[in-house]
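Geometric and topological summary
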Amino acid sequence: MLEGNLYTAMVTPFTESGEVNYEKARDLARYLINEGCDGLVICGTTGEVPTLTDQEKITLLQNIVAEVGDKAEIIAGTGSYDTRSSIELSREAEEIGVDGVMLVVPYYNKPPQESLYQHFKSIAESIELPVMLYNVPGRTSRNMEAKTTIQLAEIDNIVAIKEASGDFDQATEIIARAGDKIDLYSGDDSLTLPLMSLGGKGVVSVAGHLVASEIKDMIELALANDFKRAAEINKKLFPIFKNMFISTNPIPVKTALNMKGWDLGSFRPPLTELEPSKKDLLKNLLENYNLL
């Protein structure tokens with residue numbers, strides 16, 4: 001099983017020339033764990049993974065495991081639309097020593113539900129690591145239905161799902177019918193508390209880059225059934241949660257980190273810099289929360 005409640009999907013730092021900045025990645029990983037994250041998702045969408053080569057992914061994972069692997073759970077984003085390459089990268093990640101893999105619903109080609117089942121089953125059976133499924137139809141154009149997730153939960157090492165469909169009925173059905181076999185994590189910071197009220201375990205966060213300790217406090221209050229105090233934190237952090245998506249993720253959060261002095265570089269194409277008007281909005285937000 002995966003033990004954590006707060007995982008931050010870490011951005012990938014680049015040098016001025018656009019190469020992966022592994023030293024800065026190690027610094028950021030150490031900072032995030034010290035701020036209260038239980039673990040990190042490396043090579044996810046927030047890490048601009050579609051623009052990374054396989055060798056860059058492997059080297060990045062090696063660096064993060066070496067830096068904080070003894071202090072936190074490291075989950076490797078190894079899924080893609082190609083089952084065979086997902087198996088190969090998952091096996092590489094297992095050899096590196098990560099604690100689990102995250103497998104996104106195959107995107108673009110819209111596989112039917114049985115194809116999704118066979119895809120995830122094949123990858124899970126090729127490794128011994130815990131598997132977190134990732135359902136994000138807003139990005140993949142294919143929703144993984146509750147019945148498919150429930151069927152996959154019967155596979156021993158499929159232990160979690162990052163649910164980012166925004167469908168509370170779907171989340172409730174998964175928890176009600178398979179909650180003893182699979183943990184449900186929110187894929188959206190703003191939906192963490194509502195999903196935890198249904199029985200969710202936590203979040204794979206973007207805002208954890210900025211306010212990890214407060215998110216952790218909110219989660220712990222929810223786990224203690226103190227939803228009144230948890231709701232106060234949620235209300236306070238809600239503007240941060242929403243403004244991390246004023247443009248395509250990870251543009252806002254990486255821009256915010258650079259404003260805070262992290263010097264994480266720019267973005268790999270096709271992503272581009274945040275528009276000036278949105279930079280001003282983001283700067284004001286950070287100032288209002290004393291984050292600058």
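Basis of the calculations
Residues numbered from 1 in each chain as written. Predicted model: local features only at pLDDT ≥ 70, side-chain atom pairs only at ≥ 80, totals over all residues. Heavy atoms only, no water. UniProt positions renumbered as here; feature names shortened; annotations may be inferred. Helix = DSSP H or I, 4+ residues; strand = E, 2+ residues; numbered from the N terminus. Buried < 20%, exposed > 50% of the residue type's maximum accessible area, 1.4 Å probe, protein only. Contact = heavy atoms within 4.5 Å.

- Under an unreviewed UniProt entry, the name given to the chain is 4-hydroxy-tetrahydrodipicolinate synthase, and the organism recorded is Halonatronomonas betaini.
- The heading Pathway (unreviewed entry) in the UniProt record of the chain holds the text "Amino-acid biosynthesis; L-lysine biosynthesis via DAP pathway; (S)-tetrahydrodipicolinate from L-aspartate: step 3/4."

**As for the UniProt feature "active site" (unreviewed entry) in the chain**
- In the UniProt entry, the feature "active site" (unreviewed entry) is given for Tyr134 and Lys162. These annotated residues cover 29 residues of sequence, and their C-alpha atoms all fall within 4.7 Å of one another, placing them together at a single site.
- Residue position: Tyr134 is located in strand E5 (residues 131-135).
- With relative accessibility at 6%, the residue Tyr134 sits in the buried group.
- Those residues in contact with Tyr134 that lie beyond four places of it in its chain are Thr45, Met102, Leu103, Val104, Val105, Lys162 and Ala164.
- By the secondary structure assignment, Lys162 is in strand E6 (residues 158-163).
- Overall, the relative accessible area of 7% leaves Lys162 in the buried class.
- The contact partners of Lys162, leaving out residues within four places of it in the chain, are Met102, Met132, Leu133, Tyr134, Asn135, Tyr185, Ser186, Gly187 and Val204.

**What to know about the UniProt feature "site: Part of a proton relay during catalysis" (unreviewed entry) in the chain**
- As annotated by UniProt and renumbered to match this structure, "site: Part of a proton relay during catalysis" (unreviewed entry) occupies Thr45 and Tyr108.
- Topologically, Thr45 is positioned in the loop between strand E2 (39-42) and helix H2 (54-68).
- For Thr45, a relative accessible area of 26% translates into the label partly exposed.
- If sequence neighbours within four positions are ignored, Thr45 has contacts with Tyr134, Arg139 and Pro250.
- Mapped onto the fold, Tyr108 is located in the loop between strand E4 (100-104) and helix H4 (113-125).

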